[in-house]
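# Descriptive structure summary
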2 protein chains.
Amino acid sequence: MRIVLDAMGTDNAPLSELDGALLALESDPDLHVILTGDQDLLAPQVEESGAGDRIRIVHAPQRVDGAEPPVSAVRRSPNSSIRVGLDMQRAGNASAFVSAGSTGAVMAASLLTLGRLRGVDRPALGTIFPTGSGPTLVADAGANLDCKSQHLVQFARLGTIYMQDIQGVREPRVGLLNVGSEAAKGTEVLQETYRALAASDLNFIGNVEGRDIVHHACDVLVCDGLVGNIMLKFYESLAQFLARELGTRLNPVGLDRELEDAFRVFDYAEYGGAPLLGVNGVSVICHGGSSPKAISAGIGVAARSVRSGMVAHIARDPAFR
Amino acid sequence: MRIVLDAMGTDNAPLSELDGALLALESDPDLHVILTGDQDLLAPQVEESGAGDRIRIVHAPQRVDGAEPPVSAVRRSPNSSIRVGLDMQRAGNASAFVSAGSTGAVMAASLLTLGRLRGVDRPALGTIFPTGSGPTLVADAGANLDCKSQHLVQFARLGTIYMQDIQGVREPRVGLLNVGSEAAKGTEVLQETYRALAASDLNFIGNVEGRDIVHHACDVLVCDGLVGNIMLKFYESLAQFLARELGTRLNPVGLDRELEDAFRVFDYAEYGGAPLLGVNGVSVICHGGSSPKAISAGIGVAARSVRSGMVAHIARDPAFR
């Protein structure tokens, strides 16, 4: 299987990407990685890595302007590592695309290049929140800020298929993020969504409050992208902050390992990147601060998406026809 | 100063209320507390406390039905500890009201009894998020789920006055909770709010992302009540969860004090309850799980609100005239 990895995405590019690719190749003997990015920069490092023909470089010298709105920025940069990588997938020269570049740019380029699956109104960004007893997929995590009920119901369905195919959860429990547990809680959009989910064939368990998330109240947590994005960033920063606060106090006592264990439940790197669900292809978006381990996990998610036939699974769901 | 405390609010009522009242009386010699609730239940305990005439009981036997929508529930229970307490404030027999009862019921009863200040479209629930380097007031934390730009701007103003009068911050930095720092980020409502705040006389520092909150990016964080409520509950549960996770691992090594220190920054009890800002009076809502210390802090917030003349301060703000 050939997976394209944008080599220019992380804050530490292309080092984290290259090391991540090597980790992924080690754990998956069927894998080939195509790096898109600056040939001159990448060639010596790939050469030195000893990966042989399992890593290939495709030259993509252009940069996506981060200051410009994503849609016009990606339109104006057809030779960027993002566009070139996605074009290879569309042309059938690769099975999936992984990038730690700007989330907005990768989403815009994925929509532009791969397009939406028929029946999907708005593709959703699904992000894993690690919890005390397993992962919860939050959809949407920032692709769609203002959502109608029908969009939220589609996110629930896309998330359900993801958790089945990628995390192996047979009947994912779907929860609706809200301010209270009763059906009549929340905005009109949320009340309407509650009724639609309750009437659907999905495994809807009702509203989930902010305090329930960390206790793994559901496998798929449905919310609009505004709430999802704010929560995600808050979550991540809080775990980092606490780890640092505690580290300062406890490390002198030599408890690094205990701390590390306690925070493992919050380790994003274990779960790889955020898939863009509902596009006609596989596009996995990783955190800009991804470690090699996180990049490798993102490649793993992409590979499982391909092997499970997730895109076809979504496409043949009767709700999307 | 006489402050009414709803004696029936906490999960541990009336014990936490009574002990909280005693703590508050100890630290503030000018204070008198009026407990509203079941006279038969309260009298022996007040007697035993030895507080003398500094604690008085006003009989209020009725319970607010938690299953009913708050507005009709409080309308149908004029003899509840909440309604009786607020009526005393309106009649001038007390200066402020503090309750750890159902947030929805206390808000509805406060609006019904005290009314809104002129010019305030929607009173906001302001809740303190403790951060690494000081408190941030989040407004709104759940009173108004669907908000227009003009409401969010009013929350910013109410929060500014609160932080000046109660926390002593001279020029509170106002941030707008959003998915990115640029003015063009977020929904139309958020973009419009950004422009209105930037054009106002408030000390607006721009958009604040989820990841900035814990670093004390601002003193007043503006958001709608849906986001505020979800964030608040998530925050609280996460800190509790981590404390427990870590406690299990570290307590055997005898590090209780270090843990306690590290989590002190997240201790709600330090900051007391959430004021309902924009009503014609002082109504402070405490957490249902409040400890005596948290109840005492809530009484402290109420007393500071009265002494600083916060309500008059809001009423004379030219923006509300």
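As the structure is a prediction and not an experimental result, all values here were calculated from the model. (Residues numbered from 1 in each chain as written. Chains lettered and ligands numbered in written order. Predicted model: local features only at pLDDT ≥ 70, side-chain atom pairs only at ≥ 80, totals over all residues. Heavy atoms only, no water.)

## Some remarks on the overall build of chain A
Secondary structure assignment for chain A yields 11 helices and 11 strands. Rg of the C-alpha trace for chain A: 20 Å, near the compact-globule value of 20 Å for 321 residues, within the 12% margin. Expressed as lengths along the three principal axes of its C-alpha atoms, the size of chain A is roughly 60 × 60 × 40 Å. Taken over 321 residues, chain A has a buried fraction of 57%. Pairs at least 24 residues apart make up 71% of the contacts formed inside chain A by residues separated by at least 6 positions. Summing over all exposed atoms, chain A offers an accessible surface of approximately 12700 Å²; the carbon and sulfur share of this is 47%. Treating the 28 positive side-chain charges of chain A as one cloud and the 37 negative ones as another, the clouds have centres 6 Å apart. (Helix = DSSP H or I, 4+ residues; strand = E, 2+ residues; numbered from the N terminus. Rg over C-alpha atoms; globule rule 2.2 N^0.38 Å. Buried < 20%, exposed > 50% of the residue type's maximum accessible area, 1.4 Å probe, protein only. Contact = heavy atoms within 4.5 Å. Areas by Shrake-Rupley, 256 points an atom, 1.4 Å probe, with all protein chains shown as cover. Lys, Arg positive; Asp, Glu negative; His and termini not counted. Charge placed at Lys NZ, Arg CZ, Asp CG, Glu CD.)

## Remarks on the pairing of strand 5 (residues 124-131) of chain B
All names here are of chain B. With eight of eight residues buried, strand 5 is to be regarded as a mostly interior element. Along strand 5, one buried face is formed by Ala124, Gly126, Ile128 and Pro130 and the opposite face, lined by Leu125, Thr127, Phe129 and Thr131, is buried too. The sheet contact formed by strand 5 and strand 10 (residues 274-277) spans two bridges and is antiparallel. Residue pairing for strand 10: Leu125 is matched across the bridge by Leu276. (Pairing = 2+ DSSP bridges.)

## Topic: the pattern of salt bridges
Counted according to the given criterion, the structure contains 14 salt bridges over all chains. Of the charged contacts in the structure, one is a salt bridge between B:Lys233 and A:Glu209, with a shortest N-O distance of 2.4 Å. Separated into two different chains, B:Lys233 in helix 8 (residues 225-250) and A:Glu209 in the loop between strand 8 (204-208) and strand 9 (220-222) make up a pair that spans both. Just as B:Lys233 is buried, A:Glu209 falls in that class too. Several salt bridges converge on common partners, so that one network encompasses A:Arg157, A:Asp201 and A:Asp317. (Salt bridge = Lys/Arg side-chain N within 4 Å of Asp/Glu carboxyl O.)

## Considering the nonpolar core
Most often, soluble globular proteins have nonpolar side chains that are buried together. A:Leu35, A:Tyr162, A:Met231, B:Leu35, B:Tyr162 and B:Met231 are the most contacted members of the largest nonpolar core, which totals 176 residues. With sequence-adjacent residues up to four places away left out, A:Tyr162 is seen in contact with A:Ile128, A:Leu137, A:Gln167, A:Pro275, A:Leu277, A:Val301 and A:Met310. Ranked by size, the runner-up nonpolar core spans 22 residues in total, among them B:Ile82, B:Val106, B:Ala108 and B:Ile285. (Core = buried A, V, L, I, M, F, W, Y, C linked by side-chain atoms within 4.5 Å.)

## Regarding empty space enclosed by the protein
Residue and element names in this part refer to chain A. Summed over all chains, the structure comprises one cavity of 30 Å³ or more. In this structure, the largest cavity spans a volume of roughly 30 Å³. Lining the largest cavity are Pro275, Leu276, Gly281, Val282, Ser283, Val284, Ser305 and Met310. When residues of the lining of the largest cavity are traced back to their parent elements, those giving at least two are strand 10 (274-277) and strand 11 (283-285). Residues belonging to the lining of the largest cavity are distributed by class as follows: five nonpolar, three polar and no charged. (1 Å grid on protein atoms, 1.4 Å probe; cavity = no way out; pocket = protein on both sides within 12 Å on 5 of 7 lines; lining within 4 Å. Points joined across faces, edges and corners; volume = space filled by probe spheres on them. Nonpolar A, V, L, I, M, F, W, Y, C, P; charged D, E, K, R; others polar.)

## Focus on unusual backbone geometry
All names here are of chain A. Here the residue pair Ala13 and Pro14 is connected by a cis peptide bond, since its omega of -5° sits within 30 degrees of zero. Note on placement: Pro14 falls in the loop between strand 1 (2-6) and helix 1 (15-27). The backbone phi angle of His216 is positive, close to 60°, even though this residue is not glycine. Looking at the element boundaries, His216 is found in the loop between strand 8 and strand 9.

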